[in-house]
Amino acid sequence: MRKIILVASLAGLATACMSDPEQPVDLVKRSIPVARLKPLMETVPVASSDDAADDPAIWVAPAEPGLSRILGTDKQSGLAVYNLQGELLQFLASGRLNNVDLRQSVEVDGQLHDLAVATNRTHIGMDIFGIDPESGQVTQLGSWPLDLVEPYGLCLYRDAQNGLQVFVNSTDGHYQQWLMNSVDPLRMEMLREFHLASQPEGCAADDIQHQLFVGEEGRGVWRLTTDPAQTELVLIDEVGAGVLVADVEGMDIYRTAAGQAYLVVSSQGDFTYAVYDAQGDYGYRGSFQIAADPERGIDGAQETDGLAVSAANLGPGLEQGALVVQDGYNLQPAEKQNFKLVPWADIASALGLE
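Sequence order as written defines residue numbering, which begins from 1 separately in each chain. For a predicted model such as this one, the threshold for reporting local features is a pLDDT of at least 70, and the threshold for listing and counting side-chain atom pairs is 80 or more; totals across whole chains, interfaces and linings nevertheless cover every residue. Computation of side-chain values covers all heavy atoms of the structure but excludes hydrogens and water.

### Let's talk about the packing of aromatic side chains
So, step 1. Ring pairs are drawn from Phe, Tyr and Trp, using the six-membered ring of Trp, whenever the two centres fall within 6.5 Å, and their geometry is named by plane angle: stacked under 30 degrees, edge-to-face over 60, tilted for the rest. A full pass over the atoms with the stated rule returns 10 aromatic pairs.
So, step 2. Ring geometry for tryptophan 144 and tryptophan 178: centres 6.1 Å apart, planes at 70°, overall edge-to-face. A residue pair is termed long-range when its members are at least 10 positions apart, and tryptophan 144 in strand β12 (residues 138-145) and tryptophan 178 in strand β15 (residues 174-182) qualify at 34 residues.
So, step 3. Only protein chains enter the area calculation, which uses a 1.4 Å probe; residues under 20% of their type maximum are buried, those over 50% are exposed, and those in between are partly exposed. For tryptophan 144, a relative accessible area of 21% translates into the label partly exposed. Each helix corresponds to a stretch of at least 4 residues labelled H or I by DSSP, and each strand to a stretch of at least 2 residues labelled E; elements are numbered beginning at the N terminus.

Structure representation (structure tokens):
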């Protein structure tokens, strides 16, 4: 959710950000200076005005990484598909899509698929999209109705059988976990339900450690197992404890070839991004801002809703993968919202990560 008024404990920061969001503010969180990074690329603006762009996902082209795609929701009208140069390749007018996530080469009903799923607030359900593994062409395959007040956040999970599961939440804190049994015809099976005390949105599932991370916008980041038989939630970090400033928004997991995993979280209230270990003690590793790069003519990113990260080699300059974030302002020049891309190598270097 877009947050216009920042918390009182950061009144000075709020004043600076609101008067000039493109002027980053020097911050220190838990004795670690907040790094300042620059985007390498930005997408063309979304078609809809006001608060429209929301959540991205990254599809990796198997044969040639440079042909990979970024899927981004326009929560007023549908799903945009961009190349890594930020050019719009497709737009699917599916309705008010909010969050999107994808998995590649998952097995559903005995066949392998590249699939994306998005929450749709127009028809209160989730839309399923197929991605051609050779061309990257995206096609809507169907929709599944949901008994939720308002479908909002969503993330996918590749289970131990290489199948596809969907975690989806509602603005009232209600969570559902679904298993996809078939694509054609579309068949979904609910595995469990649980609740948070207040509004959630972003979530991320770790396919290796079988953990689910969920954000409660005004409270913090929780983790729990993906096992439907378990519902215990453990708080990783709390809003107001020195790192996260409400709202807690998008999140995703970066996993290295050596097995190290990091959880990236949008701290929307102070325009920063926090990084935690996604296993072990789930410790805080540092935060960064995304500032403007005048040489490239790309502005920074503020008030981020959704984000996505990939550890795949995406071509020259992105050999260690990339982070893609929604930009809530898109200034200099002032345009409709879009998405920014930052090389993961820059994040790792700035925060001393593997």
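### Examining the sheet that holds strand β8 (residues 88-92)
So, step 1. Within the open sheet, the 4 strands sit side by side as β5-β6-β7-β8. Their pairing is antiparallel. Whereas interior strands pair on both sides, the edge strands pair on one side only; in this sheet they are β5 (53-59) and β8. Averaged over all adjacent pairs, the angle separating strand axes in this sheet is 20°, with direction ignored.
So, step 2. By the convention used here, strands pair only if DSSP detects at least 2 bridges between them. Note: strand β6 (residues 69-74) against strand β7 (residues 78-83), 6 bridges, orientation antiparallel. Bridge pairing in β7 places arginine 69 opposite asparagine 83. Lines fitted to C-alpha atoms define the axes, with helix axes restricted to the stretch in contact, and inter-axis angles between N-to-C directions lie between 0 and 180 degrees.

### Here's the deal with the sheet that holds strand β13 (residues 151-158)
So, step 1. In space, the 4 strands of this open sheet follow the order β13-β14-β15-β16, with antiparallel pairing throughout. Looking at strand neighbours, the two that pair on one side only are β13 and β16 (187-195), the edges of this open sheet. Each strand of the sheet is rotated relative to its neighbour by a mean of 20°, with strand direction disregarded.
So, step 2. Where β15 and β16 come together, 8 bridges link them in antiparallel fashion. Paired with methionine 180 across the two strands is methionine 188, which belongs to β16.

### Re a nonpolar patch on the surface
So, step 1. Where nonpolar side chains cluster on the molecular surface, the patch consists of Val44, Leu88 and Phe91 and spans about 240 Å² of accessible area.
So, step 2. As for its position among the elements, leucine 88 is in strand β8. Candidates for patches are residues over 30% relative accessible area with no salt bridge; among them, like charges are joined within 9 Å and nonpolar side chains (Val, Leu, Ile, Met, Phe, Trp, Tyr) within 5 Å. Working definition of accessibility: Shrake-Rupley area with a 1.4 Å probe, residue cover restricted to the visible protein chains. A side-chain nitrogen of Lys or Arg and a carboxyl oxygen of Asp or Glu constitute a salt bridge if their distance falls within 4 Å.

### Some thoughts on the pattern of salt bridges
So, step 1. Evaluated as defined, the whole model comprises 17 salt bridges.
So, step 2. Between lysine 75 and aspartate 54 there is a salt bridge, with its nearest N and O atoms 3.0 Å apart. Of the two residues, lysine 75 sits in the loop between β6 and β7 while aspartate 54 sits in strand β5, which places them 21 residues apart along the sequence.
So, step 3. By relative accessible area, lysine 75 is classed as buried at 8%.
So, step 4. Shared partners join several salt bridges into a network, and the residues in it are Glu42, Asp299, Asp327 and Lys340.

### Looking at the state of the cysteines
So, step 1. Cysteine sulfur atoms are paired as a disulfide whenever they come within 2.5 Å of each other. Across all of its chains, the model carries 1 disulfide by this definition.
So, step 2. Residue pairing for cysteine 155: its cysteine sulfur links by disulfide to cysteine 203, the two sulfurs lying 2.3 Å apart. Across the disulfide from cysteine 155 to cysteine 203, rotation about the S-S bond amounts to roughly -120°, and the bridge is consequently left-handed. Highlighted residues: cysteine 155 in strand β13 and cysteine 203 in strand β17 (residues 200-206), separated in sequence by 48 residues. For the pair cysteine 155 and cysteine 203, a shared accessibility class is recorded, and that class is buried.

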